[in-house]
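Notes for the structure review
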Amino acid sequence: MALLDRAHIGAVLRGHALAMGLLAGGCLAGTGALAQAPNSPEGERSPQQKRQLKQPPKQGPSQRGQPQGAPKRAAPNPNGGIQRGVPPQARPARPPVQPGSPAPRVRANTNEQAPPAKRNIRPPRQVAPKAPPPALPKSQAISPPQGVRPPPKTITAPNTQPPRRGQPTPPGVARPGLARPGVTPPGAAAGTGAAPGFVAKPGVVTAPAGPKGIEQVRKGRVRTTGPKGQVVIREPGSRTIVKQGGQTFISRNETNVIRGFVPSAKTSRRKDGISETVYVGRNGVRVYTETDSHGRILRRYRRDARGRDVVLFDNRRFYRNAAIGVGAALAIGALVVTLPRPAIALPPRQYIVDYDQASEADVYEALSAPPIERFERSYSLDEVRYSHSLRERLRRVDLDAITFETGQFEVPPSQYGKLERMARALSRVIERDPAEVFLIEGHTDAVGAEEDNLSLSDRRAEEVARILVQHFGIPPENIVTQGYGEQFLKVPTQGPERLNRRVAVRRITPLLSRN
């Protein structure tokens, strides 16, 4: 009986489930029919149904504040995740944390907006630096232009413009782009001197204005006679030759020499009649050169940014004598100092260094060595220039490698490279002491007129100095020049001799007065 009752109850339940399934299927079919009613002709909606469709569905408390059509936010899982489809009332409570147990791991809310991911920015493309242009060999030196170099690589005269392409270069203007980088011309700021590892980088040599050869010099000479019977010959370029008592001297206007080396130099005349020429040298120092009314140097000094002065030489106390102060060039004979010949204990090759056969170390040693004899006092620059007995106590370097055409005083550009070792040695000495002074001497052989040789030698010495200053960057304040013509022959002969046509360099710093 019990088994029958159980079978009967199971049949009733299965029948009830079947009925419920049929009822649910009918409901779904009715819903589908309503959804398709608007598309069918017989599925027209009643006015009440239309009003219900027009009204928006009511939002519950949990849906307020969300945009229409937005998905419902899922309930968080007690384990830290997201538990979808569970109402808030049915969510299980998070179990309390037992003392001593590790804190439960809390997962991040994935519904929160994640920060924007960083863009994968490609690093900048590494561009290899362009290799510098190959250095020109010494045999292909740069030809000197006809004008002045523009800053910062070159120095340009004020109120001048470089010529356009295809136009000729007027005097006083330089074509840009000829100077090599790394050369600091005089008048520009740079490091003081050159380090022992100095590497010469050619610059542009300014072509001097005026005559180009001795023939043009002769045509511009003016010959007069002085009050004591001196023969005075005035040449183009502010040079004066004086013949007196069997001696011949040449002098020049030093202001013009400085402005020829540094075209940016400014000259002003003071109330006391002294002219002051100023230019900006290395490291921003200002270099002052004071000259009298005849162009003779009275004093030269350097002033740094702090106002401290370094005197290279001071000749003022030597020119207070009225007999010397009047006439300048006419009183050169009064400046000659006569001393006995020195006792030379050095080997001849060390006392007079032949540049062709010497190394850079030999040149540096000769230009940095002390005098071979001590001096009783200091001397003025003109006393050193015009006194052979003073200069004999100093070692010298003969630049036999530099040669000149007959009657010419310009150095061909192909010979500029021969002065590189000399420039290195001078730079090392100046690096040690920025107040060093070097005398560049010019000499000729005995062929030709005496005044012609004297003028040629003086202009050749100035030309070598210009190459050292403008081509190799030697500071112009550290160099002075003087020509001697045929007075001091290296080889005693009256005929043509290449060894007599030379330029020599001496360090005269130990002789000069600085106060």
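Residues numbered from 1 in each chain as written. Predicted model: local features only at pLDDT ≥ 70, side-chain atom pairs only at ≥ 80, totals over all residues. Heavy atoms only, no water.

Direction of pairing for strand β3 (residues 222-225) relative to strand β4 (residues 231-235): antiparallel, over a ladder of 4 bridges. Opposite T225, over in β4, you have V231 as the bridge partner. As consecutive antiparallel partners, β3 and β4 are separated by 5 residues, and within that stretch G229 has a phi angle of approximately 85°, a positive value. Summarising the sheet, β4 and strand β5 (residues 239-244) pair through 5 bridges and their orientation is antiparallel. Each bridged residue has a counterpart across the sheet, and for V232 the counterpart in β5 is V242. (Pairing = 2+ DSSP bridges. Helix = DSSP H or I, 4+ residues; strand = E, 2+ residues; numbered from the N terminus.)

Here the focus is the packing of helix α4 (residues 254-261) against helix α11 (residues 450-471). Interhelical geometry of α4 versus α11 gives an angle of 40° and a closest axis separation of 10 Å. It follows from the interaxial angle that α4 and α11 lie oblique. Considering how the two elements wind past one another, α4 and α11 form a crossing that is right-handed. On the side of α4, the interface is formed by V257, G260 and F261, while α11 contributes E462, A465, R466, V469 and Q470. Residue composition of the contact of α4 with α11, by class: 4 nonpolar, 2 polar and 2 charged. (Axes fitted to C-alpha atoms, helices over the stretch in contact; angles between N-to-C directions. Parallel < 35°, antiparallel > 145°, perpendicular 65-115°, else oblique. Left-handed = near helix turned anticlockwise from the far one by under 90°. Contact = heavy atoms within 4.5 Å. Nonpolar A, V, L, I, M, F, W, Y, C, P; charged D, E, K, R; others polar.)

Residues at a pLDDT of 70 or more form 58% of the protein chain, whose mean pLDDT is 75. The low-confidence segment residues 27-43, where pLDDT is below 50, has 4 contacts with residues more than four positions distant or belonging to other chains. Every residue in residues 138-197 is under pLDDT 50, and counting partners more than four places away or in other chains gives 123 contacts. (pLDDT = per-residue confidence, 0-100.)

Attention shifts here to the nonpolar core. Counting 43 residues, the largest nonpolar core has L367, L399, M422 and L468 as its most contacted members. For this core, the secondary-structure elements that each account for two or more residues are α4, α7 (360-368), α10 (420-432), β14 (438-442), α11 and β16 (503-507). Excluding residues that lie within four positions of it along the chain, L399 makes contacts with Y355, L419, M422, V464, V503 and V505. (Core = buried A, V, L, I, M, F, W, Y, C linked by side-chain atoms within 4.5 Å. Buried < 20%, exposed > 50% of the residue type's maximum accessible area, 1.4 Å probe, protein only.)

This next bit is on the pairing of strand β9 (residues 286-291). The buried count for β9 comes to 5 of 6 residues, which makes it a mostly enclosed element. Bridge analysis of strand β8 (residues 275-280) against β9 gives 6 bridges, and the strand direction is antiparallel. Each residue of the ladder has a partner; that of T277, found in β9, is T289. Where β8 folds back onto β9 in an antiparallel hairpin, the turn is made up of 5 residues, including N283, whose phi is positive at roughly 60°. Both β9 and strand β10 (residues 297-303) contribute to a ladder of 6 bridges, which runs antiparallel. Counted as the bridge partner of R286 is R303 from β10. Between β9 and β10, which pair antiparallel in sequence order, lie 5 residues; one of them, G295, sits at a positive phi of approximately 85°.

Here we come to the pattern of salt bridges. Counted by the stated rule, this structure contains 39 salt bridges. Here K490 makes a salt bridge to D398, at a shortest N to O gap of 2.9 Å. A residue pair is termed long-range when its members are at least 10 positions apart, and K490 in the loop between β15 (479-483) and β16 and D398 in strand β13 (residues 396-398) qualify at 92 residues. Here the salt bridges do not stand alone but share partners, grouping R239, R252, E254, D382, R385, D458, E462, E463 and R466 into one network. (Salt bridge = Lys/Arg side-chain N within 4 Å of Asp/Glu carboxyl O.)

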